[in-house]
Amino acid sequence: MLEIKNLHASIGEKPILRGITLTVPDGQVHAIMGPNGSGKSTLSYVLSGHSDFTVTDGTAHFDGTDLLAMEPEARAQAGLFLAFQAPVELPGVGNANFLRTALNAVRKARGEPELDAAQFLKLARAEAKRLQMPDDMLKRNVNVGFSGGEKKRNEVLQMTMLQPKLAILDETDSGLDIDALKIVGDGVNALRSPGFSALVITHHQRLLDHIVPDAVHVLAHGRIVRSGGADLARALEAQGYAQVIAEAA
Amino acid sequence: MNAVTASATGFLARYEGLTGRLPGDPAPRRAARDILLSAGLPHLREEGWRYTNLAPLGDARFHEALTEASGFTGDDDLPSLGGLSELPRLVFVQGRFSSAQSVLPELASVRSFAANAEFGALANPGRDRLVALNTMLAEDGAIIEVAEGVDAGSLVLISAGRDIHGTPVAFHPRHSIRLAAGARLTLVEMAVGHGQYLHNPVTEIVLGEGAALSHVRLQNEGLAAYHLATVYADIAARATYDSFTLCAGARVARTELLVRLHGTGGHAAINAAQLLRGAQHSDFTTVVRHEAPGCASRQTVKHVLAGRARGVFQGKIEVDRLAQKTDGYQMNQALLLSPDAEIDCKPQLEIFADDVKCSHGATVGELDSEQMFYLVSRGIPQAEARALLVQAFLGEALDMVADEPARAMLDDVISSWWVHEG
C-alpha cells in the first residue's frame, strides 16, 4: 500500500525528515509516535503534497505509483486521506456543499457516478449520525465555530464519506474527550478491511487502545529510531520518549 | 488643442444631426449639450474620475441606434433567464423598447420614455456629465410606476446591445422607477450584449414613504463594450432600497449610485461584486447622502480580479448636520488572483452631525493557501477549489439577494465565470 524509502524533506533550508523508510502493507494500521518537532506532521504533509515542503531525497510509492509526482488532488482521488491536526475554517463554504463537492470529485476520478443533492444528504446524515454529530453540522460553514472535538469529528466524517485506501490521522486524538475518542476510534475501525491501511500519528497511547495498531514506529529527529508491535506504545507511555530514543541511539 | 472638449465632439455632432427627432422638451437637451460643449466628457484630472479613463470613448465613432435598423433577429441575443422566464419582462434592444419580446406586468404601470419623454428632477447633468450625455441623446427607456400600497412582485428589465456589422453603436436609455407610499417591487436588471457598443443608462428611482424596492442588477455586457450607468435613488421616510450589482462584463465600466435618504428611518443597502479578468476595468462608485435622522446605510463591495483587470471602488458617505442617529457602514474587499491585477479604493466620510455611527474598512488579499490545500487534499481540483473560495468570499455581498430566481441567475453567471478563468 505505502512504501517510503529514505525520505528526506525540508521546509525552506531547514531539513526536517532525514531518511524515513517505512512500509505499510495492505490492511494494516501503523502508529507513528514521537516527541514534538520530530517530523510527524511534516511526514503527513509531505505524503499529501503540501507545497511548503520540499522533498530532497528518497521515494514514496502508493499502490506502486510514485506518490511524490502527483498533485495533492490526484493523491486524494487515488485514495489518500489526511485528517488534519488543525483543520482550517472555511467561512462562507457550507459543510454539506464542501463534502458533496469533494465526494463527487473523488467519485468522478474513480469512474463512479456523481451523487445528486438528495442521495448525498441521505448518505451524509447517516454517517454523521453514526459519528454522533448533530445534524446542523452539515448546514454550518466548514469548521467555523466548531469546537476542537467537532473539528476532529468532521475530519473523520470526511474520511468515512471519501472511503480512502490509506488514511493518515495526524493527532486526531488531540482535543478529544474520552467519549469522542471512542467515537473516532470506532469510525476508523469501521473502515478497517484488507483494502484499507492507516498511519496513525499520535502522542498518546490512549487512541491506540481503540485503534489497535499492527506496528508502532518511534520518530525522532526526522528518522524512525525504533519499531515494534502494539506493546511499544505502552512501553513509551510508561517510560517516556527520552529513554526509548536514548536506548535506540 | 483642447483634448478634453474634443472627446465629446462625436456625440455633439450626432445630437446636431438628430435635432427635431428626439422626443420631449428640447430645452433640457440643449442645456446638456451646452455642458458637454464647454466641459467635455469626464477626464482623469477630475476628482471623481482619477481611476477611470474615458478617453478611448471619444476616439470610438459610434452610430446612433435610432437611425439604424435593429441588428437583432430573435431571442438569441437575450440572456438566459432560468427561473426569471416566468416573470413579466421589459426588453430593450439597442436601447429601444421591444414590445414583441416583452411581457408587461399586471401590477405595475409601464410606459415608454419615447412616447412620454420627461426628464426627472433627480438627475443632475451639471454634476454628472455622463448624465448630460444621456440627457442630450436619450431616445427611450422604461417608466415604471407602482401605486400606493401595491406589491407589484418581480419585474425583469433587459438591455441587449451589439455592434451593427462591426460598427459600434451607442444608446442612452432613460429609466424612471417610482414607488408610491407603501408600494413594493423587485426589479431585476440585466445588461448583456456582443461586440463594441456604448450603453449609457440613467435611472431615476423615487421611493415614497414606507416603499420597498429590491434592485438586483447584472452588468454582463459584451467584453468589448462600454457600460456607464448612473442610478439616482431618493428614499423617503421608512422606505427601503436594497441594491445588489454584479459587474462581470464590459471592457470599461462605471456604475455610479447616488442615494439620498431624506426621510426619517430610511434604509439603503448598496452591495456589489465585481468579477473581472483580462484587461477589464470596472469602477463602482457610490455617494450615500444622509439628510434625515435615524437612517441606515450598508455597503459591502467585493472584487475578484484576475489577469490584468482593474477594479475601482469609490464610496462616499455624507451625513448632513440634521441627520443625527445615522448608522452608516461601508466595507470594500478585494481578492487578487493575479500579480498584475489592481484595485483602487477611495472611501470618503463627510460627517456634519455629532451623534452618528459610521464605519468603513477595506482589505486586499490573495486566496488563502492553507484553505486551498485543505480543499485540494480532499480531491477537489484546483479550479473548483478556487471557485468555492471565491463564491464564499462573494457570499457576504450576495446573500442580500433573497429572490430565489434572481439569486440563481447570479450564481450561474458567477460559476460560468470560472469556465473561462479555470
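Residues numbered from 1 in each chain as written. Chains lettered and ligands numbered in written order. Predicted model: local features only at pLDDT ≥ 70, side-chain atom pairs only at ≥ 80, totals over all residues.

1. Some words on the overall build of chain A
Check the secondary structure of chain A and you find 10 helices and 12 strands. In summary, chain A has a C-alpha radius of gyration of 18 Å against a globular reference of 18 Å for 249 residues, a match within 12%. Taking the principal axes of the C-alpha coordinates as reference, chain A spans close to 55 × 40 × 35 Å. Expressed as a percentage of its 249 residues, the buried residues of chain A come to 45%. Within chain A, residue pairs in contact and separated by at least 24 positions form 69% of the contacts whose partners lie at least 6 positions apart. (Helix = DSSP H or I, 4+ residues; strand = E, 2+ residues; numbered from the N terminus. Rg over C-alpha atoms; globule rule 2.2 N^0.38 Å. Buried ≥ 20, exposed ≤ 12 C-beta atoms within 10 Å, placed from the backbone. Contact = placed C-beta atoms within 7 Å.)

2. A short note on the overall build of chain B
Assigned secondary structure in chain B consists of eight helices and 22 strands. Here the C-alpha atoms of chain B give a radius of gyration of 21 Å, agreeing with the 22 Å that 2.2 N^0.38 yields for 422 residues. Dimensions of chain B, computed from the C-alpha atoms along their principal axes, are close to 65 × 50 × 50 Å. Scored against the burial criterion, the 422 residues of chain B give a buried share of 52%. Within chain B, residue pairs in contact and separated by at least 24 positions form 84% of the contacts whose partners lie at least 6 positions apart.

3. Points about helix H3 (residues 95-109) of chain A
Residues that lie three or four places apart on an α-helix share one face, since the helix turns once every 3.6 residues. Over its 15 residues, H3(A) extends 21 Å from the first C-alpha to the last, a length consistent with the 21 Å expected when each residue adds 1.5 Å. With its phi angle positive at about 75 degrees, A:Gly111 sits one or two positions after the end of H3(A). (Expected span 1.5 Å × (residues − 1).)

4. A look at unusual backbone geometry
One non-glycine residue, A:Asn6, lies in positive phi territory at about 50 degrees. Tracing the backbone shows A:Asn6 in strand S1 (residues 2-11).

5. Concerning the nonpolar core
Membership of the largest hydrophobic core comes to 199 residues, with the highest contact counts inside it found for B:Leu207 and B:Val259. Beyond its immediate chain neighbours, meaning those up to four positions away, B:Leu207 contacts B:Leu179, B:Leu213, B:Ala233, B:Asp234, B:Ile235, B:Ala236, B:Ala239 and B:Tyr241. (Core = buried A, V, L, I, M, F, W, Y, C linked by C-beta atoms within 7 Å.)

6. Here's the deal with the sheet that holds S1(A)
All names here are of chain A. Read from one edge of the open sheet, four strands run S2-S1-S4-S5, paired in antiparallel fashion. What marks the edges here is a single partner per strand, and that holds for strand S2 (14-24) and strand S5 (65-66). Sheet analysis places strand S4 (residues 53-62) next to S5, joined by two bridges and oriented antiparallel. Considered in S5, the bridge of Phe 62 is made with Thr 65. (Pairing = 2+ DSSP bridges.)

7. Topic: the pairing of strand S13 (residues 226-235) of chain B
Residues and elements named next belong to chain B. S13 sits mainly inside the fold: 10 of its 10 residues count as buried. Where burial is concerned, the two faces of S13 agree: the one with Tyr 226, Leu 228, Thr 230, Tyr 232 and Asp 234 and the one with His 227, Ala 229, Val 231, Ala 233 and Ile 235 are both buried. With six bridges joining them, strand S11 (residues 202-207) and S13 adopt parallel strand pairing. What sits directly across from Thr 203, in S13, is Val 231. Across 10 bridges, the pairing between S13 and strand S15 (residues 252-261) is parallel. In the sheet register, Ala 233 faces S15, and the bridge partner there is Val 259.

8. Considering the confidence of the model for chain B
With 95% of its residues at a pLDDT of at least 70, chain B reaches an overall mean of 92. Under the prediction, the complex receives an ipTM of 0.96, its pTM being 0.88. (pLDDT = per-residue confidence, 0-100.)

9. Let's talk about the interface of chain A and chain B
At the junction of the two partners, chain A supplies 20 residues and chain B supplies 17 residues. At five residues, H3(A) tops the list of elements feeding residues into the side of chain A that touches chain B.

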